[in-house]
Amino acid sequence: MRRIVFSLVPVLALFVACSDSATPADDGGVDAATSNDASTAVDTAAPATDGALADAASDAGLTIANEVEPNDGKTTTEVGTMVLPGTMNGKIDPADDTDVFTLTLAPGEFWEWTLAPTSADLAPHLAVFDTSPSSKNPTALVAGRVSTPLSLEHFVLNTGTFVAAVRDARNVPTKTGRGGPGYGYALTGRRKTLNPIAVTFPSSKSGRLASLGAVDVYAFTTTNGKGFDVTLRAKRKTAPSTLDSRISLFEVSGKRTLITNDNEATSTDSQFGGDTALTGTHYVIVDNEGTDATDLSYDLEFSLRP
Ligand SMILES: [Ca+2]
Ligand SMILES: [Ca+2]
Ligand SMILES: [Ca+2]
């Protein structure tokens, strides 16, 4: 079993200690997952409505709010609260402003975040992360260009104490004085319909994340009574891509993540596996942990051990 490594990015002074001290997920969970029972009803964790209807419904149900300063996260109480699904309107103002909002998120939920500049000057930067000391959730973040909306997909891997932090991308990681009345934004979080790509062992898939902040999800129901490996090749594929992958294994019935891997031993590619067979629906979640990839393509191999 490969060890798991999180690369949590320190986002705010208040939360640096939390992010740096993140405890890896329980990799023993993969081998211990023998209690799964294929006959047990499986919660698909996927909304039943189709995408269009779900989007319309969630748009109609958005809770609209305006930020209240101070919300810079300099203390544990100096934060706003964002009701979801919803939109928070704010400004990066004055210079070097940071806006932090607490969120209520649950494992297995799939969220789509959009951060849209509402005036001319903002280069949006969004991070969604878990501030709990024993965080088992990697940071999801994406940076955008001036006056250009960005989106971030976020599959919630484990329970946690989540916040969203909005900044100007040019103030990250070092403050550069960006901010002012022209740095308005609308931050929206809405549930997204999960449409996993069904896979069986053994097989291989080729994929490409739709954007730097996108997530791909694969689903399988059995490893055919055998141990298994899931291997992502981006840097290692025949025509290398620039994707810096991370993959996670989510047990749907238990609503928990069994393992996450950022980087295997020799590259920024990801892989994991175990000697114990799995049954029941599991998701393999693929996301990008880099900030500047131009080719987000990858090959994903689902293989069985002898
Ligand atoms: Ca603000
Ligand atoms: Ca603020
Ligand atoms: Ca990686």
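Residues numbered from 1 in each chain as written. Chains lettered and ligands numbered in written order. Predicted model: local features only at pLDDT ≥ 70, side-chain atom pairs only at ≥ 80, totals over all residues.

Student: Now, about the sheet that holds strand β12 (residues 203–208): what can you tell me, with residues and values included?
Tutor: Strand-to-strand pairing in sheets goes through backbone hydrogen bonds, with the strands running parallel or antiparallel. What the four strands build is an open sheet, ordered β12-β19-β14-β17; its pairing is antiparallel. Among the strands making up the open sheet, the edge pair consists of β12 and β17 (271–274). Taken pair by pair, the neighbouring strands of this sheet meet at an average axis angle of 15°, ignoring direction. Here six bridges tie β12 to strand β19 (residues 297–304), and the two strands are oriented antiparallel to one another. Across the sheet, residue Ser203 finds its bridge partner in β19, namely Phe302. (Pairing = 2+ DSSP bridges. Helix = DSSP H or I, 4+ residues; strand = E, 2+ residues; numbered from the N terminus. Axes fitted to C-alpha atoms, helices over the stretch in contact; angles between N-to-C directions.)

Student: Which residues make up the pairing of strand β14 (residues 228–233), and what values do they have?
Tutor: Strand direction decides the pairing type here: β14 and β17, joined by four bridges, are antiparallel. Across the sheet, Phe228 pairs through a bridge with Gly274, a residue of β17. Inspection of the sheet shows β14 paired to β19 by six bridges, in the antiparallel sense. Along β19, the bridge assignment pairs Arg233 with Asp299.

Student: Run through the nonpolar core, naming residues and quoting values.
Tutor: Of all hydrophobic cores here, the largest spans 63 residues; its most connected members are Leu126, Val128, Val163 and Ala164. With five residues, strand β9 (residues 162–168) is the largest single contributor of residues to this core. For this core, the domains that each give at least three residues are domain 1 (22–46 + 194–304) and domain 2 (51–191). Apart from the residues within four sequence positions on either side, Val163 is in contact with Val79, Val100, Phe101, Thr102, Leu103, Phe129 and Thr131. (Core = buried A, V, L, I, M, F, W, Y, C linked by C-beta atoms within 7 Å. Buried ≥ 20, exposed ≤ 12 C-beta atoms within 10 Å, placed from the backbone. Domains from an automatic or database assignment. Contact = placed C-beta atoms within 7 Å.)

Student: Can you explain unusual backbone geometry? Please cite residues and give values.
Tutor: Looking along the chain, the bond that leaves Glu69 and enters Pro70 is cis, with omega of 0°. Mapped onto the secondary structure, Pro70 falls in the loop between β1 (63–66) and β2 (80–81). With omega at 5°, the peptide bond leading from Asp93 into Pro94 counts as cis. With respect to the element layout, Pro94 can be found in the loop between β3 (86–91) and β4 (99–103). Its identity as a non-glycine residue notwithstanding, Asp96 has a phi of 70°, on the positive side. Mapped onto the elements, Asp96 comes out in the loop between β3 and β4. Phi at Asn224 takes a positive value of approximately 55°, unusual for a residue other than glycine. Take Asn224: it is sitting in the loop between β13 (215–222) and β14.

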